[in-house]
Structures are given as C-alpha cells and as structure tokens.
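Listed below are the residues making up each chain.
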Amino acid sequence: MSVQFKDNSRMSLKNLMLAVSAVTFAAALAGPSNAATNLIDATYGAGAGSFELGLFTPRGPGLDNFQSLTGPSTTVTGWTVGGVGVDWLSSPDYAAHDGVHAIDLGYFDNGAGTITTSISTVIGATYSLSFLAAAVPGYPSYTNAGHVSAGSLWNQAFAPAFSDPHDFAHQVYEDYAFSFTALNSTTSISFSADTISTSYGPVIDQVSVSLLSSPGGVPEPATWALMILGFGAIGCVARRSRAAAKPGTHATFQWASCATNPQCNDAGSTSSASAPPSTTWMLGSSRWIQARASR
C-alpha cells in the first residue's frame, strides 16, 4: 500500500514506517542527548564539571594567570588534587573550552598531578564519561599523555594532539567519550598525567558523567521516551492510511487487474477524471484495489 499526499506524491507505507522506526532507534542507541543530566554538576553545582567553581587566586598576570594547587587541595569545588599538584588555568591567557577555567595536570614546578571527583552511582548501572583534552608543545617538559579511571574503566589512556607551540591562548581541545559500570554506590572519576616530570599537559575541561542504563540494561527514561514517540508515530501513519481508504465511511474492496480496469491507463495509473466520485483507486502489489465508499 502507498500513502498519497495532497501534492499527489506517494511514499510506501512500509518504507515510511521503517524510516520512522530507524530514526527513533538510532536516537535511542546514541545514548543520552546533550540535555542529559551531568551528575557532577548535579552534585556540586552547575559548572563544577568544567572547573568553574571555587575561589580562584592567580599567581600573577599574563602567563602567570593560573593557580598552582597541591594535594590534598579542594579549592576547585567538587574536586580533590593529588600527586605533585595541578594548575588551575584561566582564560584568556589559557584557553578553556567551556567557561573560563580548565585544569592542567602538569604542575608548574614540574610534576605529574591528579584531580578526582566523586558522585553517587547505582551498582551495576552503566554511565557515560566525556571530557575534552588539549596539549601545547614548547619545552621537553610539556607533554600530552594522561589517563582516566572511573568504576570499571581503569587507567584509560588519552593523548590529545599538540596545538601550536607555546600558543596556550589558542590550545585546541579534542573530545573523548567512554562508558563504565559502577562497582560501588559512590564512584570516583580520576584524571592523571602520565609523565612524572611534566610541567604542562595534558589539559582537561568540561567533564561530564551521565546515566546510560540501569542495572540489567534497562534504558534511562529519556531513551524510553524516544522509543515510545517512535511507536506512536508509526501508529499515526497506520491510522492515516486507513482513513484514506474510508473517508468518513467504511469501505468494501474489490480487486481488479489493470487489464480489466477502465480507469487504469497504459502507464499503469488511474484516470481520476473518469473515475466515479465515490471510488478511490490505490496501488496494491501488482493490482489495483477499488475502494467503494458506502454508508
């Protein structure tokens, strides 16, 4: 069966249903949308995942527009510093991807640092973890290698491509996305620099954690909503096609081939000008269906 629109264009009902369902399930499988709740922000306040919260006190102006933090500092709201230390960067001298701040996992006085946050999780649930990372070359102590751990995700390496040498104000960020399963009711997300003597890099920003599925693979509510909307759209299409076959009445169907149908021309289409007003012709398989309206 085909669906005929007001402009006389046609689309196979089967193809239309397949298209609707394909779009719906693709969106569902893609996981949470950009509006998905960032559990770091939900726990510590909007902007916490991007290192925007806390009392920032720079070392000085220009290229000293950063704050060096040693462990176990909690100056950056929601985060705890470890290792040798990290530098809390600020734009415009050090570009951030979201807001004005980012974290350099390489301590200014040379040393690899870590920074960790903790959120409440459901044991066995699956979560998405995304962040952005950048690196700037210039001196041997400037590096780009780091790793991240969260739940079942352990020591996952990441290494963004280097931006232009010494161009901190235009450092280019790369997207990273992983998933993990919560092993405890509280999960720590920890970032570390790999090179012991690093003094700059890698830089991280816009860290986000969101729920993908509950234990047992049950999709989150947003994913269920997408699937329900898709099924609803398919139902609407089916009802529309039935309504087209019986405009305000019920229809009885009579099958006829084009060879015996006077309304079927040589091109295999109907001649609507000669068709009776109460008759609608639709193409079904290789034959024509005559739908006669009757009250």
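All of the points below concern the structure found in this document. (Residues numbered from 1 in each chain as written. Predicted model: local features only at pLDDT ≥ 70, side-chain atom pairs only at ≥ 80, totals over all residues. Heavy atoms only, no water.)

**Let's talk about the overall build of the protein chain**
Put simply, the rule is: Going along the chain from the N terminus, every DSSP run of H or I of four or more residues is numbered as a helix, and every run of E of two or more is numbered as a strand. Relative accessibility under 20% of the residue-type maximum defines a buried residue, over 50% an exposed one, and the middle range a partly exposed one, all with a 1.4 Å probe and only protein chains included. Here, Shrake-Rupley sampling with a 1.4 Å probe gives the accessible areas, and only protein chains in the shown set may cover a residue.
The helix and strand tally for the protein chain stands at three helices and 17 strands. Residues classed as buried in the protein chain amount to 40% of the 295 residues present. Taken as a whole, the protein chain presents about 15,000 Å² of accessible surface, with 58% of it coming from carbon and sulfur.

**Overview of the sheet that holds strand β12 (residues 186-193)**
What counts is decided by this rule: A pair of strands is considered paired only if DSSP assigns at least 2 bridges between the two. Between N-to-C directions, angles cover 0 to 180 degrees, with each direction set by a line fitted to C-alpha atoms, over the stretch in contact for helices.
As summarised here, the arrangement of the five strands in space is β4-β7-β12-β9-β10, forming an open sheet in which the pairing is antiparallel. At either end of the open sheet lies a strand with only one pairing partner, and these are β4 (80-83) and β10 (153-158). Strand-to-strand, the axes of this sheet are offset by a mean angle of 20°, without reference to chain direction. Here strand β9 (residues 146-150) runs beside β12; their pairing, made up of five bridges, is antiparallel.

**So, the nonpolar core**
Under the convention used in this document: Think of a nonpolar core as a cluster: buried Ala, Val, Leu, Ile, Met, Phe, Trp, Tyr and Cys residues, connected wherever their side-chain atoms sit within 4.5 Å. Residue contacts follow a heavy-atom distance rule, with two residues in contact if any of their heavy atoms lie within 4.5 Å.
With 32 residues, the main nonpolar core has L129, F131, F191 and I204 as its most contacted residues. Put simply, the parts of the chain that give this core at least two residues each are β5 (86-90), β7 (113-120), β8 (126-134), β9, β10, β11 (174-181), β12 and β13 (203-214). Looking at this core element by element, the count peaks at four residues for β8. Apart from residues lying up to four places away in sequence, F191 is in contact with W79, L105, G113, T114, I115, F131, H147, V148, F158, I204 and V207. Counting residues in each nonpolar core, the second largest holds 12 residues, with A134, V136, F168 and Y173 among its members.

**Observations concerning the environment of H147**
Selection criterion: What qualifies as a polar contact is a pair of N or O atoms within 3.5 Å, subject to a donor-acceptor requirement within protein and to the restriction that residues adjacent in sequence count only when both atoms come from side chains.
When you line up the elements, H147 lands in strand β9. With 12 residues separating them along the chain, H147 and A159 place their C-alpha atoms 8.3 Å apart. With near-sequence residues (within four places) excluded, H147 lies in contact with N155, Q156, A157, F158, S190, F191, S192 and D194. One polar contact links H147 to D194, side chain to side chain, over a distance of 2.4 Å.

**Description of unusual backbone geometry**
With the exception of glycine, most residues fall at negative phi, and the peptide bonds are largely trans. Cis geometry marks the peptide bond from G71 to P72, where omega comes out at 0°. Inspection of the secondary structure assignment puts P72 in the loop between β3 (66-69) and β4. Positive phi, normally seen in glycine, also occurs at H166, with a value near 60°. Relative to the assigned elements, H166 resides in the loop between β10 and β11.

**Side note on the pairing of β13**
Consecutive side chains of a regular strand alternate in pointing toward one face of the sheet and then the other. The pairing of strand β6 (residues 101-104) with β13 spans two bridges and is classified as antiparallel. Counted as the bridge partner of D104 is V203 from β13. Across eight bridges, the pairing between β8 and β13 is antiparallel. Within β13, the position partnered with S130 by the bridge is S208.

**A closer look at the packing of aromatic side chains**
For any pair of aromatic rings, the description rests on two quantities: the centre-to-centre distance and the angle between the ring planes. To be explicit about the condition: Think of it this way: a Phe, Tyr or Trp ring, Trp meaning its six-membered ring, pairs with another when their centres are within 6.5 Å, and the plane angle makes it stacked under 30 degrees, edge-to-face over 60, tilted otherwise.
What the rule picks out here adds up to 18 aromatic pairs. On the numbers, 5.4 Å between centres and 15° between planes, the contact of F131 with Y176 is stacked. A residue pair is termed long-range when its members are at least 10 positions apart, and F131 in strand β8 and Y176 in strand β11 qualify at 45 residues. Just as F131 is buried, Y176 falls in that class too. Members of the aromatic cluster, connected to one another through ring pairs, are F51, W79, F131, F158, Y176, F178 and F191.

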